[in-house]
Amino acid sequence: MKRYYIETFGCQMNVHDSEKMAGILKLEGYTETDSAKNADIVIFNTCSIRQKAEQKFFSELGRIKALKKRRPDLKIAVAGCIAQQEGSKIIERASYVDYVVGPQNIHILRDIATSEAGSIYTEDNPHITDVDIPADRRDNVRAWVNIMYGCNNFCSYCIVPYTRGRERSRASQSIINEIKDLAEKGYKEVTLLGQNVNSYKSNVDFPGLLKEINKIEGIKRIRFVTSHPKDISDELIYAIRDLDKVCEHIHLPLQSGSSKILALMNRKYTYDDYMKKIEQLKREIPEIAITSDIIAGFPQETDEDHNHTIKALKEVEFDSIFAFKFSPRPGTKASTIDGQLPDDIKSVRLSEILELQNTITERKNKELKGTIQEVLIEGVDEKSTGKFSGRTRTNKIVNIPSEDNAEPGDIITVKITRARRHSLEGEIV
Ligand code: 5AD
Ligand code: SF4
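Residues numbered from 1 in each chain as written. Chains lettered and ligands numbered in written order. Predicted model: local features only at pLDDT ≥ 70, side-chain atom pairs only at ≥ 80, totals over all residues. Heavy atoms only, no water.

1. Concerning the overall build of the chain
Tallying secondary structure elements over the chain gives 12 helices and 19 strands in all. The principal-axis extents of the C-alpha atoms in the chain amount to approximately 60 × 55 × 45 Å. Counting across all 429 residues of the chain, residues that qualify as buried make up 55%. As displayed, the chain offers around 19200 Å² of accessible surface, 48% of which is attributable to carbon and sulfur atoms. Computing the positive centroid from 64 side-chain charges and the negative centroid from 65, the chain places the two 2 Å apart. (Helix = DSSP H or I, 4+ residues; strand = E, 2+ residues; numbered from the N terminus. Buried < 20%, exposed > 50% of the residue type's maximum accessible area, 1.4 Å probe, protein only. Areas by Shrake-Rupley, 256 points an atom, 1.4 Å probe, with all protein chains shown as cover. Lys, Arg positive; Asp, Glu negative; His and termini not counted. Charge placed at Lys NZ, Arg CZ, Asp CG, Glu CD.)

2. Remarks on the domain arrangement of the chain
When cut into domains, the chain gives domain 1 (2-121), domain 2 (128-366) and domain 3 (372-428). Of note, the centres of domain 1 and domain 3, computed from C-alpha atoms alone, are 36 Å apart. (Domains from an automatic or database assignment.)

3. Describing the state of the cysteines
A full pass over the atoms with the stated rule returns 0 disulfides. Unpaired in terms of disulfides, Cys81 finds its nearest cysteine sulfur in Cys47, a separation of 6.4 Å. The buried category is assigned to Cys81, whose relative accessible area is 8%. (Disulfide = S-S within 2.5 Å.)

4. As for the sheet that holds strand 16 (residues 387-392)
Read around the closed barrel, the 5 strands follow the order 15-16-17-19-18; overall the barrel is mixed. Across this sheet, the average inter-strand angle for adjacent strands is 55°, counted without regard to direction. In the sheet, strand 16 pairs with strand 17 (residues 397-400) via 4 bridges, with the strands oriented antiparallel. When the bridges of strand 17 are listed, Phe388 appears paired with Ile400. (Pairing = 2+ DSSP bridges. Axes fitted to C-alpha atoms, helices over the stretch in contact; angles between N-to-C directions.)

5. With respect to the sheet that holds strand 5 (residues 99-101)
Pairing within the open sheet is parallel, and its 6 strands lie in the order 2-1-3-4-5-6. Only two strands of the sheet have a single partner each, and these edge strands are strand 2 (30-32) and strand 6 (119-121). For this sheet, the mean angle separating the axes of adjacent strands, direction not counted, is 20°. In the packing of helix 1 (residues 12-27) onto the sheet, the strands contacted are strand 1 (2-8), strand 2, strand 3 (41-46) and strand 4 (75-79), and the crossing angle to strand 1 comes to about 175°. (Contact = heavy atoms within 4.5 Å.)

6. Concerning the site of ligand 1
Surveying the vicinity of ligand 1 reveals the residues Ile49, Arg50, Tyr157, Gln255, Asp293, Ile295, Phe324, Lys325, Phe326, Ser327 and Arg329. In this structure, a nitrogen atom belonging to ligand 1 sits 3.0 Å away from a main-chain N or O atom of Tyr157. With respect to ligand 1, the side chain of Gln255 contributes an N or O atom lying 2.6 Å from an oxygen atom. In isolation ligand 1 has 410 Å² of accessible area, and contact with the protein removes 86% of it. The set of elements that each furnish at least two residues to the shell around ligand 1 consists of strand 13 (289-296) and strand 14 (320-325). Among the residues making up the shell around ligand 1, the classes are represented as 5 nonpolar, 2 polar and 4 charged. (Near = heavy atom within 4 Å. Polar contact = N/O pair within 3.5 Å; in protein donor to acceptor, adjacent residues only side chain to side chain. Nonpolar A, V, L, I, M, F, W, Y, C, P; charged D, E, K, R; others polar.)

7. Observations regarding helix 8 (residues 234-242)
Of the residues making up helix 8, those classed as buried are Leu236, Ile237, Ala239 and Ile240. End-on view of helix 8: buried residues confined to an arc of 155°, all on one side of the axis. The secondary structure elements touched by the buried residues of helix 8 are helix 7 (206-214), strand 11 (221-225), strand 12 (249-251) and helix 10 (271-284). (Arc of directions from axis to C-beta.)

8. Quick notes on the packing of helix 10 against helix 11 (residues 303-316)
The N-to-C vectors of helix 10 and helix 11 enclose an angle of 15°; their axes lie 11 Å apart at closest approach. On the basis of the axis angle, helix 10 is roughly parallel to helix 11. The way helix 10 lies across helix 11 gives a crossing that is right-handed. Counted together, Tyr271, Tyr274, Met275, Ile278 and Lys282 of helix 10 and Ala312, Glu315 and Val316 of helix 11 form the full contact between these two elements. (Parallel < 35°, antiparallel > 145°, perpendicular 65-115°, else oblique. Left-handed = near helix turned anticlockwise from the far one by under 90°.)

9. Quick notes on the nonpolar core
Ranked by size, the top nonpolar core spans 68 residues in total, and within it Leu192, Phe206, Leu210 and Phe224 carry the most contacts. In contact with Leu192, not counting residues within four places along its chain, are Val145, Ile147, Ile179, Val197, Phe206, Leu210, Ile213, Ile222, Arg223, Phe224 and Val225. Counting 24 residues, the second-largest nonpolar core is a separate cluster that includes Ala39, Ile90, Ala94 and Val97. (Core = buried A, V, L, I, M, F, W, Y, C linked by side-chain atoms within 4.5 Å.)

10. Notes on the pattern of salt bridges
Per the counting criterion, the structure on display carries 35 salt bridges. Close ionic contact of Arg137 with Glu178 constitutes a salt bridge, the shortest N to O distance being 2.6 Å. One end of the pair, Arg137, is in the loop between strand 6 and strand 7 (142-146); the other, Glu178, is in helix 6 (residues 172-184), and 41 residues separate them in sequence. Pair check on accessibility: Arg137 and Glu178 agree, each one buried. For the salt bridge of Lys366 with Glu362, the shortest nitrogen-to-oxygen distance reads 3.5 Å. Of the two residues, Lys366 and Glu362 both sit in helix 12 (residues 343-366), 4 residues apart, roughly one turn of that helix. (Salt bridge = Lys/Arg side-chain N within 4 Å of Asp/Glu carboxyl O.)

11. Overview of the site of ligand 2
Neighbouring ligand 2 are the residues Cys151, Asn153, Phe154, Cys155, Tyr157, Cys158, Val160, Pro161, Gln195, His228 and Arg267. Partitioning the shell around ligand 2 into residue classes produces 7 nonpolar, 3 polar and 1 charged.

12. Quick word on unusual backbone geometry
With an omega dihedral of -5°, the bond running from Val225 to Thr226 counts as a cis peptide bond. Here Thr226 shows up in the loop between strand 11 and helix 8. A positive phi is found at Asn266, a non-glycine position, where the angle reads about 60°. Judged by its relative accessible area of 30%, Asn266 falls in the partly exposed class.

Structure representation (structure tokens):
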């Protein structure tokens, strides 16, 4: 029996790509192992969104060199965004790597056993939406489902359009078939994945797709990531408001509160445009949770620009955010523009952003104390043994004491008894 070991870095798209790699290898007769030491093939599914992620991978790759020396028959594949970006340079740098497989070419893992060492698979794949790869999913309550691949937006800081290629939507019928199958297997929640789901287009648009998925029996919750603020339509807002399974949560990356910086980022909206969308979302769906991404220290960002971001955080009151220091990515426009900032300025600005958001997140969670929430149980809370863990429709984690009776996949009504910064506690009512 042959064994595989996959190490995944980066975003949800990569996590799901790894599930597909596992799905292919399983069909080829491989089983999973929890350590590279016992594997016949090791796959690194890499991320290049920021330099830190890249460094983390290269140090992991260095660590496997000794193992390959001891066991030359061990196959090593580098997949994901670094694979796409670096191609043959990876093998020049680490000659013990056997294959380089970009994110548009996962399907070739089918033939991995017969591939020649040194093979590079990084060509653009316009047929990515034609073939559905069966995923071997980790979870059995919640499932990721790709609805589109790639991105056409070319935000000036972002590497994704270069690594994942042009935007391509999957046919709505394949998506619906996949979700029907998931429902039959007992899945309760789907998260629709795309770099920019709002520009989904096949025979239906994104709100139309949500309408179709909302009809699928057995599925209780529908989520989606990521939305681009410039493409949020009235129809999408009405879909979140009116479709019972579509959860009241939207991840809407702002990136910066300064319209000058947003223009440099090529985001195609101003802060005022963004704020109008937020106001409309809150007006139509008062209970909605809004989360976001922020980049600190983009080139040419002055103290004043940074203060616009601080002001934005106070005005919008996000439920939570992911914030990052700007990281120049080779090949992107932002890596070459004037006015790159030193790391210490980026760090100070990032800390200020995170500190402010922490107080907002905590305050918003406290406001939920005493409220009644619908919670989908996902599993046991691993940090405090014996407690169930689930999420509200607004995507907040809720831990529930074990004396109560519940199991993964149950949807229960919970009264929130305690609020922490990153989670809530509740009891079944
Ligand atoms: N530097 C810092 N953050 C980045 N992101 C994307 N590219 C970069 C970069 N070069 C962030 C954005 C995006 C999130 C997924 O990662 O905020 O929304
Ligand atoms: Fe990157 Fe912008 Fe595309 Fe998101 S929308 S993947 S940030 S280029």
